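# What the coordinates show
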Amino acid sequence: METLIGLLVAAPLLGAGVLLTGGKRLDRVGHWIGTLLALLSFVFGAVLFTNMLGKDADARTLNSHLFTWVPVDGFQADVGFQLDQLSMTFVLLITGVGTLIHIYSIGYMAHDERRRRFFGYLNLFLAAMLLLVVADNYFLLYAGWEGVGLASYLLIGFWQHKPSAATAAKKAFIVNRVGDIGLSVAIMLMFTTFGSFAFNQVLPQAQQASTTQHATITGIGFMLLLAACGKSAQVPLQSWLGDAMEGPTPVSALIHAATMVTAGVYLITRSGAIFNAAPDAQTAVVTVGAVTLLFGAIVGCAKDDIKKALAGSTMSQIGYMIMAAGLGPIGYVFAIMHLVTHGFFKAGLFLGAGSVMHGMNDEVDMRRYGGLRKYMPVTFVTFGLGYLAIIGFPGLSGFFSKDKIIEAAFAKGGTEGWILGGAALLGAAITAFYMTRVMLMTFFGEKRWQPDAEGHEPHPHESPSSMTIPMIILAFGSVFAGAFFSINDRFLKWLEPVTGHSEGDSPVSAGTVTGATMVCLVVGVGIAWLIYGRRPVPAVAPRGSLATRAARRDLYQDDFNHVVLVRGGEHLTRSLVYLDHSLVDGVVNGTAASVGGLSGRLRKLQNGYVRSYAVSMLGGTAVLVAATLLMRAV
Amino acid sequence: MNPANYLYLSALLFTIGAAGVLIRRNAIVVFMCVELMLNACNLAFVTFSRLHGNLDGQVIAFFTMVVAAAEVVVGLAIIVSIFRSRHSASVDDANLMKL
């Protein structure tokens, strides 16, 4: 069984290797190879899962040590895998949703001549993400972490002939690097403090050392949070996510649902012991989560680009998860549960958006959609189910998982609990608003279609079955996953041995929270219907209020980065260059000039007159003789 | 006779030679002054040889003569060739490596 864990990672890695080095002769079968290997990985995952289910809850962890990567005295970095319930959940999500996205891409990328390469990158993405979640130490996790960053760069910039895509890829990579610094510093701190990278060494020690080395552990917590912010697009490192929509739509689905942005949530949940020992770091985590969930939701309200609206919603939903993970043992399980249900409905929504774009000549502006429900019935139904799930319609999966997070936020207790719970409720209302807006603008109302740049009238049609079947499967997940997980607290019991769980004492009852959530839901949907359902949607975006314009510009996040970081960086480099020119070069040039001046003076002694040379010789000899005599006298 | 007198004479001759080298312009005269200095040294060597009662000083005097003879050969050849090219034997005229 242990070998299967290695094969799980190796299958997509093999696919990436074969597809990226195989050359053109694989063009005709490349997508099948990629999809089959992703499927194979899923099968391995499923086998491991059934095997795991057959064991006792406490004996489910599988360990497999492959070899020692860096065998230096006192510094042992191992390549080893650890598959517990938490990793297993991620493995199934990554390979399952990943495989569906592979299948979808066969149809979506059918007309792209670089499809083989695309599948190679997709496989690389899966392999890196799988490595990240099954690693048994932080060092190997870091390798997967960087692999994810690389694969996302390659995929976001897949249409590299578009300057905007190339820029977006660079932006994603650079912002991620900022987060990566956090992870590497955290790992270094762990090594100096605990002398190891392995989860089973670091985490128990962190718990014991919470009083003696409080400052260090808090530092590690903050650095891990920075890392999570980078990968999971949380404030303040969120700016790359919107631009990452430049990649092909399946990539967005993969990044937002199965891989990449979930890595931050995984990291925080996995490092739960560290955060439990560092309450200050936990407070920072919930703050980041709460701010991001509102930030993303507000941005999502104003975007006319369907993918960017969904990107805002991802940011917001990941904010919910980060917030839940920051709540400590009250929230870990629900963070992961929301992550899984979100994986279903967000992948479904993105694939639906891709299907709409596929039928509309790659138009992304929702103001040019309208009335598509008759032309794309399957997309409409699957997208609609995803929509109901994300806003938390009773009975669908988002309802169960989001409700639990809101309850957990209140259960934090005290003023903090009220603030977090309030933010989560407000976020739920805004989510209902902007998702309803997306739904109404895309599928309802009158047609606002416009010919594209070459003058082709759009002829919306249903997408091929390779695209609709994954959407249908994901729609099933969106509908039933939440209920399946919640009956008898199934998910809680499954994950509890790994993450631990405690019930907080909530000041409000679960029923009240559910009621409040429903009120928020109805208010959000109602407002959206008043604005976008009852009245026709203008085909050209109106100027909008100050708040709308701010949200359209991502609440000035890029402007902020530009003013503070880019300008600040420029000023810093300019002053450093000035310092370099004046001080460093001054010393160097001054030395050279003084040596030059001195030799200019000395040069004059070489006048070519024999007699003056004779004087210097005589003088020199006289001095030598005098010195000799003097020495003798002394 | 007091051997110190020879040393005085040697010092006097050396001084005259050195002064001649420094102040005269004619290369031949400068050359002669160099010879004068060498011979002043020889005189001092021989005197010291006598004073100390060994032959070391005399041996060195012979060495000096050999070197001086060789130097005369080379030096005169140089002076002659300089005179031929510049039509002057002044050391101040020959202040450049080129003509």
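Definitions and limits used
Residues numbered from 1 in each chain as written. Chains lettered and ligands numbered in written order. Predicted model: local features only at pLDDT ≥ 70, side-chain atom pairs only at ≥ 80, totals over all residues. Heavy atoms only, no water. Helix = DSSP H or I, 4+ residues; strand = E, 2+ residues; numbered from the N terminus. Buried < 20%, exposed > 50% of the residue type's maximum accessible area, 1.4 Å probe, protein only. Contact = heavy atoms within 4.5 Å. Areas by Shrake-Rupley, 256 points an atom, 1.4 Å probe, with all protein chains shown as cover. Lys, Arg positive; Asp, Glu negative; His and termini not counted. Charge placed at Lys NZ, Arg CZ, Asp CG, Glu CD. Buried area = accessible area lost by both parts, 1.4 Å probe. Salt bridge = Lys/Arg side-chain N within 4 Å of Asp/Glu carboxyl O. Polar contact = N/O pair within 3.5 Å; in protein donor to acceptor, adjacent residues only side chain to side chain. Nonpolar A, V, L, I, M, F, W, Y, C, P; charged D, E, K, R; others polar. 1 Å grid on protein atoms, 1.4 Å probe; cavity = no way out; pocket = protein on both sides within 12 Å on 5 of 7 lines; lining within 4 Å. Points joined across faces, edges and corners; volume = space filled by probe spheres on them. Axes fitted to C-alpha atoms, helices over the stretch in contact; angles between N-to-C directions. Parallel < 35°, antiparallel > 145°, perpendicular 65-115°, else oblique. UniProt positions renumbered as here; feature names shortened; annotations may be inferred. pLDDT = per-residue confidence, 0-100. Disulfide = S-S within 2.5 Å. Patch = residues over 30% accessible without salt bridge, like charges linked within 9 Å, V, L, I, M, F, W, Y side chains within 5 Å.

### Examining the overall build of chain B
Secondary structure summary: chain B contains 3 helices and 0 strands in total. Counting helices and strands in the order they occur from the N terminus, chain B gives α-α-α. Along the first, second and third principal axes, the C-alpha atoms of chain B reach 50 × 25 × 15 Å. When burial is assessed residue by residue, chain B has 28% of its 99 residues classed as buried. When contacts within chain B are restricted to residue pairs at least 6 apart in sequence, long-range pairs at least 24 apart make up 55% of them. In the form shown here, chain B has an accessible surface area of approximately 6,700 Å², with 73% of it arising from carbon and sulfur atoms. When the 6 positive and 5 negative side-chain charges of chain B are each reduced to one mean point, those points stand 8 Å apart.

### A look at the interface of chain B and chain A
In this complex, chain B contributes 10 residues to the contact, which on the side of chain A involves 7 residues. Of the roughly 770 Å² buried where chain B meets chain A, counting both sides, 60% is carbon and sulfur surface. Sorting the residues of chain B by area buried against chain A places B:Leu22, B:Asp92 and B:Asn95 first, and these three jointly supply 62% of that buried surface. A salt bridge links B:Asp92 to A:Arg611, with the shortest nitrogen-to-oxygen separation between them at 2.4 Å. Our enumeration of links across chain B and chain A arrives at 3 residue pairs in polar contact (both at pLDDT 80 or more). Within the side of chain B that touches chain A, the residues separate by chemical class into 6 nonpolar, 1 polar and 3 charged.

### Details of the layout of surface pockets
Here the largest pocket is characterised by a volume of approximately 880 Å³. Along its surface, the largest pocket is lined by 26 residues, and A:Ala614, A:Met617, B:Val21, B:Val30 and B:Val34 are the ones closest to its centre. Elements supplying a minimum of two residues to the lining of the largest pocket: helix H24 (610-633) of chain A together with helix H1 (4-23), helix H2 (27-52) and helix H3 (56-86) of chain B. No other element matches H24(A), which puts 8 residues into the lining of the largest pocket. In terms of residue class, the lining of the largest pocket is built from 22 nonpolar, 3 polar and 1 charged. The space that makes up the second largest pocket amounts to roughly 670 Å³. In this structure, the second largest pocket is lined by 20 residues; those nearest its centre are A:Leu92, A:Val340, A:Phe344, A:Phe484 and A:Phe485. At the level of elements, helix H2 (30-53), helix H3 (85-108), helix H15 (332-359), helix H19 (465-486) and helix H20 (490-499) of chain A are the ones that each hand at least two residues to the lining of the second largest pocket.

### Focus on the packing of H3(A) against H20(A)
Residue and element names in this part refer to chain A. Closest axis-to-axis distance for the H3/H20 pair is 7 Å, and the angle between their directions is 125°. As summarised for this structure, H3 and H20 are arranged oblique, according to the angle between their axes. Facing Gln85, Leu86, Met88 and Thr89 of H3, the residues of H20 in contact are Phe491, Trp494, Leu495, Pro497 and Val498. In terms of residue class, the contact of H3 with H20 is made up of 7 nonpolar, 2 polar and no charged.

### Points about the UniProt feature "transmembrane region" (unreviewed entry) in chain B
All names here are of chain B. When the UniProt feature table is mapped to this numbering, "transmembrane region" (unreviewed entry) covers residues 6-23, 28-48 and 60-83. Its end C-alpha atoms 30 Å apart, residues 28-48 is made of 100% helix and 0% strand. Annotated as 100% helix and 0% strand, the span residues 60-83 places its first and last C-alpha atoms 33 Å apart.

### Quick look at the UniProt feature "domain: NADH:quinone oxidoreductase/Mrp antiporter transmembrane" (unreviewed entry) in chain A
When the UniProt feature table is mapped onto this chain numbering, "domain: NADH:quinone oxidoreductase/Mrp antiporter transmembrane" (unreviewed entry) sits at residues 135-420 of chain A. With 77% helix and 0% strand, residues 135-420 of chain A has end C-alpha atoms that lie 33 Å from one another.

### What about the confidence of the model for chain B?
Averaged over chain B, the pLDDT score is 91; the fraction of residues at 70 or greater is 99%. The ipTM value of the predicted complex is 0.85, and its pTM value is 0.80.

### Digging into the pattern of salt bridges
Side chains that carry opposite charge are capable of pairing whenever their charged atoms lie near each other. Taken as a whole and judged by the stated rule, the model has 15 salt bridges over all chains. In this structure, A:Asp27 and A:Arg116 form a salt bridge, with 2.7 Å as the shortest nitrogen-oxygen distance. Of this pair, A:Asp27 sits in the loop between helix H1 (2-21) and H2 while A:Arg116 sits in helix H4 (residues 115-134), and the two are 89 residues apart along the sequence. With a relative accessible area of 30%, A:Asp27 lands in the partly exposed category. A:Arg116 gets classed as buried once you look at its relative accessible area, which sits at 12%. In this structure, B:Arg25 engages B:Asp92 in a salt bridge whose closest nitrogen and oxygen atoms are separated by 3.1 Å. One end of the pair, B:Arg25, is in the loop between H1 and H2; the other, B:Asp92, is in the segment after H3, with 67 residues separating them in the sequence.

### Considering the side chain of A:Arg60
All names here are of chain A. By secondary structure assignment, the location of Arg60 is in the loop between H2 and strand E1 (62-72). Buried charge without a partner: Arg60 forms no salt bridge, and the closest opposite charge is Asp56, 7.1 Å away. Here the side chain of Arg60 touches Met52 through a polar contact of 3.1 Å, landing on its backbone oxygen. Within polar-contact distance, the side chain of Arg60 engages the backbone oxygen of Lys55 at 3.3 Å.

### Remarks on unusual backbone geometry
Residue and element names in this part refer to chain A. Geometrically, the link from Val235 to Pro236 is a cis peptide bond, its omega value of 10° lying close to zero. Note on placement: Pro236 falls in the loop between helix H8 (214-232) and helix H9 (239-243). The phi torsion at Met260 lies on the positive side, around 60°, for a residue other than glycine. Relative to the helices and strands, Met260 is located in the loop between helix H10 (249-258) and helix H11 (261-270). Residue classification places Met260 among the buried positions, given a relative accessible area of 0%.

### As for the packing of H3(A) against H10(A)
Residue and element names in this part refer to chain A. Viewed as axis vectors pointing N to C, H3 and H10 meet at an angle of 170°, and their least axial separation amounts to 10 Å. In terms of orientation, H3 and H10 fall into the roughly antiparallel class. Note on element contacts: H10 touches H3 through Thr249, Pro250, Ala253, Leu254, Ala257 and Ala258, opposite Leu93, Ile94, Val97, Gly98, Ile101, Tyr104, Ser105 and Tyr108. Across the contact of H3 with H10, the residue classes break down as 11 nonpolar, 3 polar and no charged.

### Brief notes about the state of the cysteines
Enumeration over the complete set of coordinates arrives at 0 disulfides over all chains. With no disulfide partner, A:Cys301 has as its closest neighbouring cysteine sulfur the one in A:Cys520, 14 Å distant. Free of any disulfide, B:Cys33 has its nearest cysteine sulfur in B:Cys41, 14 Å distant.

### A few points about a nonpolar patch on the surface
Residues and elements named next belong to chain A. A grouping of Met1, Leu36, Leu39, Phe42, Val43 and Val47 is seen on the molecular surface, where their side chains present a nonpolar patch of about 470 Å² in accessible area. Mapped onto the elements, Val47 comes out in helix H2. Val47 sits in the partly exposed class, given a relative accessible area of 33%.

### Quick word on the environment of A:His214
Mapped onto the elements of the fold, A:His214 is located in helix H8. Taking C-alpha positions, A:His214 is 7.6 Å from A:Ala277, a pair spaced 63 residues apart along the chain.

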